[in-house]
Amino acid sequence: MTNWLNRLIRAPRTRGFGVQSPTDYHFIRHVVRQQFPYYAYNTLSSKTTHLSKREVELLQFYLRLANYIQDRWQLYIIGKDNLGAIDTNLRTLYLKAGSKKVKAVQTSRLPSNLSSQPSVLIVENLAYNKSVIKECAEATVIFDMEDIAVVFCNPKRFKTIYKINL
């Protein structure tokens, strides 16, 4: 019930209204809210028969995110090895399907070298790890998607937080 109510409250924020940055709008429109199937969805669907619909959506989001960032940013996944029934191997499979060039580092703490290179953080179990975002001084653009957050660390950008649905 609360998940449905939370999505209803966030609904006006998911269509791009209020997003002034063309880069952020493109990310929301083509990575977060992409409606068309990607090339690898059918080939990877046999691996996700035991997962819930939400977990499959998260894995498909990882694929689109890897396709978006390629090797332009370092990707850090902050959280436990498992997110529900999604394990590290399944997550890596979807990330590699999105881009062979992406280098993802799984960690439970905030990396110390964020200022040395442009980075993207995926903060899983957001209710538990919300303090990680507050600790990160380099975080500039944050996409809060209920249970995960995508944090871009780019010193050339102003700090902005978007609350959207995945």
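No experiment lies behind these values; they were computed from the predicted model shown.

1. A look at the packing of aromatic side chains
Counting across every chain of the model gives 10 aromatic pairs. One aromatic cluster in this structure is built from Phe27, Tyr68, Trp73, Phe143, Phe152 and Tyr162. Arginine 72 extends its terminal NZ or CZ atom over the ring of tyrosine 68, reaching a point 5.2 Å from the ring centre.

2. Observations concerning the pairing of strand β3 (residues 119-124)
Judged by how many residues are buried, β3 sits mostly within the fold: six of six residues are covered. Residues of β3 alternate between two faces, with Ser119, Leu121 and Val123 on one and Val120, Ile122 and Glu124 on the opposite face, all of them buried. Relative to β3, strand β1 (residues 74-78) runs parallel, the two being bridged by five bridges. What sits directly across from glutamine 74, in β3, is serine 119.

3. Let's talk about the sheet that holds strand β5 (residues 148-153)
In spatial order, the strands read β2-β1-β3-β5-β4-β6; together these six strands make up an open sheet with mixed pairing. If you trace the sheet from one side to the other, it starts and ends with β2 (104-107) and β6 (160-163), each paired once. Averaged over all neighbouring strand pairs, the angle between strand axes comes to 15 degrees, with direction disregarded.

4. Observations concerning helix α4 (residues 53-69)
In a regular helix each residue adds 1.5 Å, so 17 residues correspond to 24 Å; α4 covers 24 Å between its end C-alpha atoms and thus fits that length. The element α4 is extensively covered by neighbouring structure, given that 13 of its 17 residues are classed as buried. Glutamine 70 occupies a position one or two residues after α4 and carries a positive phi of about 50 degrees.

5. Side note on the pairing of β2
Along a regular strand, successive side chains alternate from one face of the sheet to the other. For β1 and β2, the ladder comprises four bridges, and the chain directions are parallel. The partner of isoleucine 78 across the bridge, within β2, is threonine 107. Handedness of the β-α-β unit built from β1, helix α5 (residues 88-98) and β2 comes out right-handed.

Quick notes on the rules
Residues numbered from 1 in each chain as written. Predicted model: local features only at pLDDT ≥ 70, side-chain atom pairs only at ≥ 80, totals over all residues. Heavy atoms only, no water. Phe/Tyr/Trp six-rings, centres within 6.5 Å; stacked < 30°, edge-to-face > 60°. Lys NZ or Arg CZ within 6 Å of the ring centre and 35° of its normal. Buried < 20%, exposed > 50% of the residue type's maximum accessible area, 1.4 Å probe, protein only. Helix = DSSP H or I, 4+ residues; strand = E, 2+ residues; numbered from the N terminus. Pairing = 2+ DSSP bridges. Axes fitted to C-alpha atoms, helices over the stretch in contact; angles between N-to-C directions. Expected span 1.5 Å × (residues − 1). Right-handed = clockwise from strand over helix to strand, strands pointing away.

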